[in-house]
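# An overview of the molecular structure
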Protein chains: 2
Amino acid sequence: MTAPAKRPGRRPGTADTRGEILAAARSEFASRGYEKATMRGIARAAGVDAALVHHYFGSKEQVFLAALDFPINPATVVEIVSGDPSDVGVRLARYVVGLWEVPEARERLLAVVRTVASNEEMAALVRGFARPRLVVPLAERVGGADAEVRVEMALAQIIGLAMARYVIRMEPVASVGSEELIGLLGPALQRLLGAQE
Amino acid sequence: MTAPAKRPGRRPGTADTRGEILAAARSEFASRGYEKATMRGIARAAGVDAALVHHYFGSKEQVFLAALDFPINPATVVEIVSGDPSDVGVRLARYVVGLWEVPEARERLLAVVRTVASNEEMAALVRGFARPRLVVPLAERVGGADAEVRVEMALAQIIGLAMARYVIRMEPVASVGSEELIGLLGPALQRLLGAQE
């Protein structure tokens, strides 16, 4: 730590300013929840100007994702689900399994899953974020009755499969090839997210 | 603790014998894994006769389930899946959601999920148990290509949904009625476990 013991009010960016903003963001998101936390509040807690937080991260969502070190961008998922409904399941399965194949992304995902499972504060954070930024926009694209529950079941299928494959490392799902996994996960997601009969 | 500091070899059952057997069992399952642990080894570690372990628990599987305080009996799940394949999904969904409705069973299930997510030793235990006692027998009933992977995806859907509903408490899945949930989970499980085209 190079920061002085007593902060001299708003400061320009320094080498560890980004890290200090993220630490302040984690604290703000934890104490206020995603919806109530503000860029201004995060800036204040970090002792920097709000413009600097915007400069580093662009939006509250991006601060949140960086603070959690979360490798999935909800906007990408929404974009994937917004395409042709006839093969939305396979497209999403391909994206998700592809992400798991990258060890660094996988480790960061699993860290979030592990923390959420054991830490109520983290569960509250993810809950407060995932609904407005992921579940509601996805459900709007998916449409039909129970769209939000079906979206959450699809997310549950994905998270549960990641746990089975990478946390519990249950065979054979732990070592099945990614194309085979996409071939099984795709139709399961399609049933939940595709056009409903 | 009423046990003497040095155990006098094999003892008859006492009021806390059951608890001592379970503690010994947790230690044996953790160090040897489910497959290699034996009733005899558990009895030895507990300082009791193997017949007493049989008397209390009947089988290694029952010792394991009691040691983990796990409220699901795999034999019941296998029985459910062994019935008419045309509505296996709804039957399993009804059983699982019914179990979640019982607060005590739910808490014990979630304790296992939380521990597995954060503890590699526990993950290894569940891995070593679930494959021979749950995945393989279920896959035999389900049949078809990729039966084991499909069974594991069904289990992943169930565990993921329990996390979304009870750990993250994501709305609307956290408060949707159990009949509605069965109506959505049933077809998802049916697709994975029912007769394959």
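Definitions and limits used
- Residues numbered from 1 in each chain as written.
- Chains lettered and ligands numbered in written order.
- Predicted model: local features only at pLDDT ≥ 70, side-chain atom pairs only at ≥ 80, totals over all residues.
- Heavy atoms only, no water.
- Helix = DSSP H or I, 4+ residues; strand = E, 2+ residues; numbered from the N terminus.
- Buried < 20%, exposed > 50% of the residue type's maximum accessible area, 1.4 Å probe, protein only.
- Domains from an automatic or database assignment.
- Contact = heavy atoms within 4.5 Å.
- Buried area = accessible area lost by both parts, 1.4 Å probe.
- Salt bridge = Lys/Arg side-chain N within 4 Å of Asp/Glu carboxyl O.
- Polar contact = N/O pair within 3.5 Å; in protein donor to acceptor, adjacent residues only side chain to side chain.
- Nonpolar A, V, L, I, M, F, W, Y, C, P; charged D, E, K, R; others polar.
- Arc of directions from axis to C-beta.
- Phe/Tyr/Trp six-rings, centres within 6.5 Å; stacked < 30°, edge-to-face > 60°.
- Lys NZ or Arg CZ within 6 Å of the ring centre and 35° of its normal.
- Core = buried A, V, L, I, M, F, W, Y, C linked by side-chain atoms within 4.5 Å.
- Least-squares fit on C-alpha atoms with pLDDT ≥ 70 in both.

When glycine is set aside, most residues are seen to have a negative phi, and most peptide bonds are trans. Here the residue pair Glu171 of chain A and Pro172 of chain A is connected by a cis peptide bond, since its omega of 0 degrees sits within 30 degrees of zero. Relative to the elements of secondary structure, Pro172 of chain A occurs in the loop between helix H9 (147-167) and helix H10 (178-193). One non-glycine residue, Asp69 of chain B, lies in the positive phi region at around 60 degrees. Structurally, the position occupied by Asp69 of chain B is in the loop between helix H4 (60-68) and helix H5 (74-82). The phi angle at Asp146 of chain B is positive, at roughly 60 degrees, despite the residue not being glycine. Considering the arrangement of structural elements, one finds Asp146 of chain B in the loop between helix H8 (120-142) and helix H9 (147-167). You can call Asp146 of chain B partly exposed: its relative accessible area is 29%.

Bringing the domain arrangement of chain A into the picture now. Residue and element names in this part refer to chain A. For chain A, the assigned domains are domain 1 (17-67) and domain 2 (74-193). Here the C-alpha centre of domain 2 lies 26 Å away from the C-alpha centre of domain 1. Each side of the interface is counted separately: domain 1 has 7 residues, and domain 2 has 8 residues. Between domain 1 and domain 2 lies a buried interface of about 730 Å² when both sides are counted; carbon and sulfur atoms form 72% of it. By the criterion of area lost to domain 2, the three top residues of domain 1 are Tyr34, Glu61 and Phe64, representing 60% of everything that side buries.

Here we come to the interface of chain B and chain A. Taken together, the contacts link 37 residues of chain B with 37 residues of chain A. Across the chain B to chain A interface the summed buried area is about 3,500 Å²; carbon plus sulfur atoms make up 69%. Across the contact surface, chain B and chain A share 2 salt bridges. There are 10 residue pairs in polar contact (both at pLDDT 80 or more) connecting chain B and chain A. Sorting the residues of the side of chain B that touches chain A by element identifies helix H7 (103-118), H8, H9 and helix H10 (178-193) of chain B as the ones contributing at least two each. Looking at the side of chain B that touches chain A, its residues break down into 23 nonpolar, 2 polar and 12 charged.

Structural remark: α-helix, 3.6 residues per turn; residues separated by three or four positions point the same way. All names here are of chain B. Turning to H5, its buried residues are Pro74, Val77, Val78, Ile80 and Val81. What you see down the axis of H5 is that its buried residues fit within an arc of 160 degrees, all on one side. Where H5 is buried, its residues touch H4, helix H6 (88-100) and H8. The N-capping residue of H5, defined by a side-chain oxygen 3.1 Å from the backbone nitrogen of Ala75, is Asn73.

Bringing the packing of aromatic side chains into the picture now. Aromatic ring pairs are described here by two measures, namely the spacing of the ring centres and the angle between the planes. All names here are of chain A. Throughout the structure, instances matching the rule amount to 14 aromatic pairs over all chains. Relative to Phe64, the ring of Phe29 lies with its centre 5.0 Å away and its plane at 85 degrees, an arrangement referred to as edge-to-face. Residue Phe29 is located in helix H1 (residues 17-36), and its partner Phe64 is located in helix H4 (residues 60-67); the two are separated by 35 residues in the primary sequence. Across this residue pair, the class does not change: Phe29 and Phe64 are buried. With a centroid separation of 4.3 Å and 15 degrees between ring planes, the pair formed by Phe64 and Phe129 is classed as stacked. On the criterion of sequence distance, the pair formed by Phe64 in helix H4 and Phe129 in helix H8 (residues 120-142) is long-range, its members being 65 residues apart. Residue classification places Phe129 among the buried positions, given a relative accessible area of 5%. Three or more aromatic residues joined by ring pairs form one cluster here, namely Phe29, Tyr34, Phe64 and Phe129. Lying across the ring of Tyr34, Lys60 places its NZ or CZ 4.7 Å from the centre.

What follows concerns the nonpolar core. Within the largest apolar cluster, 154 residues are counted, with the highest numbers of intra-cluster contacts made by Phe29, Leu92 and Trp100 of chain A together with Phe29, Leu92 and Trp100 of chain B. Leaving out residues up to four positions away in the same chain, Leu92 of chain A has contacts with Val77, Ile80, Val81, Ile158, Leu189 and Leu193 of chain A.

This brings us to the relation of the copies chain B and chain A. Applying a rotation about an axis and a shift along it to one chain copy brings it onto the other copy. Take chain B, turn it by 180 degrees, move it 0.0 Å along the axis, and it overlays chain A with an RMSD of 0.0 Å. Look at the turn and shift together and you get a two-fold axis relating the two. The fraction of interface residues of chain B whose copies in chain A are also interface residues reaches 100%, indicating that both copies meet through the same surface.

Once the charged atoms of two side chains with opposite charge are near each other, the side chains can pair. Residues and elements named next belong to chain B. For the coordinates displayed, the defined rule picks out 22 salt bridges over all chains. The salt bridge partner of Arg133 is Glu61, with a shortest N-O separation of 2.4 Å. Highlighted residues: Arg133 in helix H8 and Glu61 in helix H4, separated in sequence by 72 residues. By relative accessible area, which is 9% here, Glu61 ends up buried. Between Arg141 and Glu140 there is a salt bridge, with its nearest N and O atoms 3.9 Å apart. Classification of Arg141 as partly exposed rests on a relative accessible area of 43%.

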